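In case you want the letters, here they are:
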Amino acid sequence: MAISHSLFQHAVDALRRVLPCDKPADAALSAFFRDNPKLGQQDRHFIAESVFAVLRRHALLSALTAPQATPKRLLIASLVRVRGHNLRELSDALTEAEQKWAGELKALDPELTLAERAELPDWVVSAMQQDGGLDDEAVLTLGRAMQHPAPLDLRANTIKTRREDALNELTALGIPAEFTPLSPFGLRVKGKPALTRMPLFTNGMVEVQDEGSQLLGLLLAPRRGEMVVDFCAGAGGKTLLLGAMMASTGRLYAFDISEKRLANLKPRLARSGLSNVHPQLLASEKDARIKRLAGKIDRVLVDAPCSGLGTLRRNPDLKFRQSPDSVAQLNATQTNILNAAAALVKPGGRLVYATCSLLPAENDAIIDAFLASHPEFSELNAETLLAEQRVTLATGSRLRLNPAQHNTDGFFAVALGRNPA
């Protein structure tokens, strides 16, 4: 694909907009596209992929372009070294001097630290090694897995269709897809088709949801007719899964403190065909509505606010926007939310705590402290619970998913049972 000078310059401008990393990259890109409405779909795709390629391989590209790691030079280096474009394709976009420099980049082999090779911040690597017990090879394997874009996973909405039928419809549309290896509801699609225009999506028969996220619902395993709470519902991906698993019976509360996130749930809920979901906007984890439900809920899911470092395949900018200080603040929030959610669970009920983080400080440390101060809860074996849902996964007591081993986002989850009265 020959890259025009105009398209190249748009990509440089977009990267310049994103690189401060003072806001989510996808939000900064969306704003850029709104400001440039004449860009076509293919051009937008090229720009977005180019920007995210720079974010994913920023350490390597910074070393290649030092001491002048400008957005333009980072983009050129990315196109040549990461995205595999040849100089002929770039001839219209670059000056003669830039083409000469781009040609020289191919032979460069900068010396990189372990953290730079893994494309992770030093403090993340230290936490993985000192607290998580990973050796250099494990860190590198995980880091390299997160340097690639995530696959597109869908969840078949069993209220409206069977997974087999959804797969057949995708195949009929010429979209290559297959069953996910772990989730019984999941489909993995090749490429990035325009799903939002397809009746399969607009009629609510499938939703976009990472396979790892689907496994969290299976770990909670809500039953028909139960009272269930999704404590940090967000835009509701897991809420919709839980509602379908309950066959739209019982009562499912979708709690969140963000009005905007719950507003994003509304159109998804309308498509889903579910009638058992009750979104609730909370002021905080101490909201009076929580106290009224204390000790009455069968199952509670806490997908806690976290650093999101398990989602770097999708959100590579997070590694620049998180820090030890921000994680410490999140730890306090995670503890408070878990304590509040635990009060909802009735004797004999189940509580699942989950994050999309790979940091022990957000995962094991939170659970270990909770169990030490809440003797009324006992840890359940995640591997056994998933086997009951016909998911075979050697995970041990605590569910740990990562892109290198499972081709999912990085997830951590623990199921806790409240001891019978």
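Residues numbered from 1 in each chain as written. Predicted model: local features only at pLDDT ≥ 70, side-chain atom pairs only at ≥ 80, totals over all residues. Heavy atoms only, no water.

J.: What should I look at first to understand the sheet that holds strand S3 (residues 186–189) in this one?
T.: Strand pairing in a sheet is mediated by backbone hydrogen bonds. Such pairs are either parallel or antiparallel. Strand order in this open sheet of 4 strands is S2-S3-S1-S4, and the pairing throughout is antiparallel. On the outer flanks of this sheet lie strand S2 (177–179) and strand S4 (206–208), each paired with one strand and no other. In this sheet, adjacent strand axes meet at a mean angle of 30° when their direction is disregarded. In terms of strand pairing, S2 meets S3 through 3 bridges, oriented antiparallel. Across the sheet, the residue bridging to Glu178 is Arg188, located in S3. (Pairing = 2+ DSSP bridges. Helix = DSSP H or I, 4+ residues; strand = E, 2+ residues; numbered from the N terminus. Axes fitted to C-alpha atoms, helices over the stretch in contact; angles between N-to-C directions.)

J.: So what exactly am I meant to see when it comes to the packing of aromatic side chains here?
T.: Each aromatic ring pair is described using two quantities: the centre-to-centre distance and the angle formed by the ring planes. This structure, assessed with the given rule, holds 4 aromatic pairs. Arranged with centres 5.9 Å apart and planes meeting at 75°, the rings of Phe231 and Phe255 form a pair that is edge-to-face. With Phe231 in the loop between strand S5 (227–230) and helix H13 (237–245) and Phe255 in strand S6 (residues 251–256), the pair connects residues that are 24 residues apart, well separated along the chain. We note that Phe231, like Phe255, is buried. Three or more aromatic residues joined by ring pairs make a cluster, and in this case those are Phe231, Tyr253 and Phe255. Residue placement shows Arg73 over the ring face of Trp101; its charged tip is 4.3 Å from the ring centre. (Phe/Tyr/Trp six-rings, centres within 6.5 Å; stacked < 30°, edge-to-face > 60°. Buried < 20%, exposed > 50% of the residue type's maximum accessible area, 1.4 Å probe, protein only. Lys NZ or Arg CZ within 6 Å of the ring centre and 35° of its normal.)

J.: How should the layout of surface pockets be read in this particular structure?
T.: Of the voids in this model, the second largest pocket is the one considered here, and its volume is about 470 Å³. What lines the second largest pocket is a set of 24 residues, and nearest its centre among them are Leu134, Leu358, Arg400, Asn402 and Gln405. Looking at the lining of the second largest pocket residue by residue, the class counts come to 14 nonpolar, 8 polar and 2 charged. (1 Å grid on protein atoms, 1.4 Å probe; cavity = no way out; pocket = protein on both sides within 12 Å on 5 of 7 lines; lining within 4 Å. Points joined across faces, edges and corners; volume = space filled by probe spheres on them. Nonpolar A, V, L, I, M, F, W, Y, C, P; charged D, E, K, R; others polar.)

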